[in-house]
Amino acid sequence: MRLSAKQSLELKPFKLTDGGGLFLLVQPSGSKWWRYKYRFAGKRKLLAIGAYPDVSLKDARERHSEARKLLGSQ
């Protein structure tokens, strides 16, 4: 069955989690973005890591690990 115009407007972004706050945000338009969700000084923060496939899963995990180290040192 084909997607209708109304259905395409009702699509919502969704997350594919990798653990430790790292996830891939998939937009209805098809774009995919690596994000890292964390807390700093009691507030929720969101770090943009890059766009998939420009940033591979391996690279996203490395950048996520670096960010976690920096946050742990403060």
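It should be noted that the structure appears before, not after, this text.
Residues numbered from 1 in each chain as written. Predicted model: local features only at pLDDT ≥ 70, side-chain atom pairs only at ≥ 80, totals over all residues. Heavy atoms only, no water.

Draft legend 1. Seen up close, the pairing of strand 2 (residues 22-26). Most of strand 2 sits out of view: five of its five residues are buried. Here strand 2 shows a buried face lined by L22, L24 and V26 and a second buried face lined by F23 and L25. The pairing of strand 1 (residues 14-19) with strand 2 spans five bridges and is antiparallel. Paired with K15 across the bridge in strand 2 is L25. Where strand 1 folds back onto strand 2 in an antiparallel hairpin, the turn is made up of two residues, including G20, whose phi is positive at roughly 65°. Here strand 2 pairs with strand 3 (residues 32-40) via five bridges, running antiparallel. Bridging from a neighbouring strand, L24 pairs with W34 of strand 3. Taken together, strand 2 and the strand that follows it, strand 3, pair antiparallel across an intervening segment of five residues, in which G30 is found at a positive phi of about 105°. (Buried < 20%, exposed > 50% of the residue type's maximum accessible area, 1.4 Å probe, protein only. Helix = DSSP H or I, 4+ residues; strand = E, 2+ residues; numbered from the N terminus. Pairing = 2+ DSSP bridges.)

Draft legend 2. Representation of the nonpolar core in the model. By size, the foremost hydrophobic cluster in this structure holds nine residues: L22, L24, V26, W34, Y36, I49, V55, A60 and A67. The element contributing the most residues to this core is strand 2, with three residues. Once you skip the residues sitting within four places of it in the chain, Y36 turns out to touch G20, G21, L22, K45, L46, L47, I49, H64, A67, R68 and L71. (Core = buried A, V, L, I, M, F, W, Y, C linked by side-chain atoms within 4.5 Å. Contact = heavy atoms within 4.5 Å.)

Draft legend 3. Quick look at the environment of D59. Summarising the element assignment, D59 is placed in helix 2 (residues 57-72). Along the chain, D59 and R2 lie 57 residues apart, while their C-alpha atoms are 35 Å from each other.

Draft legend 4. View of the pattern of salt bridges. Under the criterion given, the structure shown has one salt bridge. Among the ionic pairs, D18 bridges to R61, the shortest N-O distance being 2.8 Å. Here R61 lies in helix 2 and D18 lies in strand 1, a separation of 43 residues in the sequence. (Salt bridge = Lys/Arg side-chain N within 4 Å of Asp/Glu carboxyl O.)

Keep in mind these values describe shape, not function.
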